[in-house]
Amino acid sequence: MRIIEAHDYEHMSELAANYLIDKIHTNPSMVLGLATGGTPQGTYKHLIQDHQRNHTTYKEITTYNLDEYVGFSADNPNSYHAFMYEKLFGKIDIPSANIHLPNGTAIDLNDECKTYEESIKESGGIDVQLLGMGSNGHIGFNEPGTSFEATTQIVHLAQSTREANARFFHDINEVPHEAITMGIATIMKSKEILLLVAGEAKNEAMRKLVEGEVDESFPASVLNRHSHVTIIADKKALSGVTVR
Ligand code: F6R
């Protein structure tokens with residue numbers, strides 16, 4: 001794992017956006033895996049700015065998001081569909097046919113998981129997967145204890161994850177209990193992974209990721225087994241962490 005230290009969140013976002021823009025220029029028809037949450041929002045802002053100023057095009061780009069809440073349709077303002085259109089897709093030139101998120105309102109959710117997994121495979125696989133990390137080490141919505149073998153699946157959200165995500169809702173009771181997420185095995189099949197980590201609240205998770213054992217009790221630790229991972233983390237997340 002290559003670790004790049006950023007001064008702060010803004011710097012991390014700028015470095016991450018430049019990293020992705022470089023990849024897009026090299027391969028304008030790449031398959032990009034995307035994440036939601038607070039961590040990538042600054043990166044998305046920079047991608048939009050670059051699209052407006054430098055006209056980087058997304059016409060041939062295909063995207064797959066990591067996850068979606070079960071029961072939330074695309075027009076629910078708290079859905080990850082809505083998040084992605086508001087924070088990125090609505091402001092770049094990506095054709096909607098190229099955008100993929102799991103359907104949280106599919107009648108047969110297990111079938112939706114299989115279809116999503118198949119669709120990623122048929123696209124040729126994810127070239128670069130952007131990830132954030134939960135403070136309990138989750139990636140996607142794969143909570144501690146998830147099998148490293150899991151593909152796209154329905155998961156129960158940890159209470160700590162619901163509490164962390166309550167900031168995007170009026171009330172914690174509105175935060176769903178379940179989500180569809182790419183599994184750890186799905187994420188690990190990506191040719192390349194870019195993990196972003198910022199803030200003191202992620203410092204302990206960062207330490208476990210870098211210094212700890214690879215174990216299903218800390219999902220992100222699996223990234224130590226991937227041959228092409230870049231981490232861009234800010235000073236607060238990296239404070240006191242011994243980089244091997
Ligand atoms: C988001 C996702 C999650 C988040 C993680 C960190 O699609 O899959 O793994 O990356 O919960 O969230 P933030 O960035 O809000 O701290």
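Everything in this summary refers to the structure shown in the same document. (Residues numbered from 1 in each chain as written. Predicted model: local features only at pLDDT ≥ 70, side-chain atom pairs only at ≥ 80, totals over all residues. Heavy atoms only, no water.)

Attention now goes to the packing of aromatic side chains. Under the criterion given, the structure shown has 9 aromatic pairs. Look at Tyr69 and Phe141: their rings are 5.8 Å apart centre to centre, the planes differ by 35°, and that puts the pair in the tilted class. Of this pair, Tyr69 sits in strand E4 (residues 67–69) while Phe141 sits in the loop between strand E6 (128–131) and strand E7 (153–156), and the two are 72 residues apart along the sequence. Neither Tyr69 nor Phe141 differs from the other in exposure class; each is buried. When the ring of Tyr85 is compared with that of Phe89, the centres are 5.4 Å apart and the planes differ by 75°; the resulting orientation is edge-to-face. Taking relative accessible area as the criterion, Phe89 reaches 4% and is therefore assigned buried. Members of the aromatic cluster, each reached through a chain of ring pairs, are Tyr69, Phe72, Tyr80, Phe83, Phe141 and Phe169. If you follow Lys87 out to its NZ or CZ, it ends over the ring of Phe83, 5.8 Å from the centre. (Phe/Tyr/Trp six-rings, centres within 6.5 Å; stacked < 30°, edge-to-face > 60°. Helix = DSSP H or I, 4+ residues; strand = E, 2+ residues; numbered from the N terminus. Buried < 20%, exposed > 50% of the residue type's maximum accessible area, 1.4 Å probe, protein only. Lys NZ or Arg CZ within 6 Å of the ring centre and 35° of its normal.)

A few words now on the site of the ligand. The full set close to the ligand counts 14 residues, and Thr39, Asp67, His138, Gly140 and Lys202 are the nearest of them. Gly140 places a polar main-chain atom, nitrogen or oxygen, 2.6 Å from an oxygen atom of the ligand. Here an oxygen atom of the ligand and a side-chain polar atom of Arg167 are 2.8 Å apart. One can see that the ligand is located within the largest pocket. Along the lines of polarity and charge, the residues of the shell around the ligand split into 3 nonpolar, 8 polar and 3 charged. (Near = heavy atom within 4 Å. Polar contact = N/O pair within 3.5 Å; in protein donor to acceptor, adjacent residues only side chain to side chain. 1 Å grid on protein atoms, 1.4 Å probe; cavity = no way out; pocket = protein on both sides within 12 Å on 5 of 7 lines; lining within 4 Å. Sits in = over half its atoms within 2 Å of the grid points. Nonpolar A, V, L, I, M, F, W, Y, C, P; charged D, E, K, R; others polar.)

With that settled, consider the nonpolar core. In this structure, Leu88 and Leu194 are the most contacted members of the largest nonpolar core, which totals 40 residues. Those elements that place two or more of their residues in this core are helix H1 (9–26), strand E2 (31–34), helix H2 (41–54), helix H3 (80–87), E6 and strand E9 (192–197). Top contributing element to this core by residue count: H1, with 7 residues. Residues within four places of Leu194 in sequence aside, it is in contact with Ala16, Tyr19, Leu20, Val128, Gln129, Leu130, Leu131, Thr230 and Ile232. Core analysis: the second largest hydrophobic core is formed by 32 residues, Tyr116, Leu131, Met133 and Ala233 among them. (Core = buried A, V, L, I, M, F, W, Y, C linked by side-chain atoms within 4.5 Å. Contact = heavy atoms within 4.5 Å.)

Any functional reading would require information beyond the geometric quantities listed.
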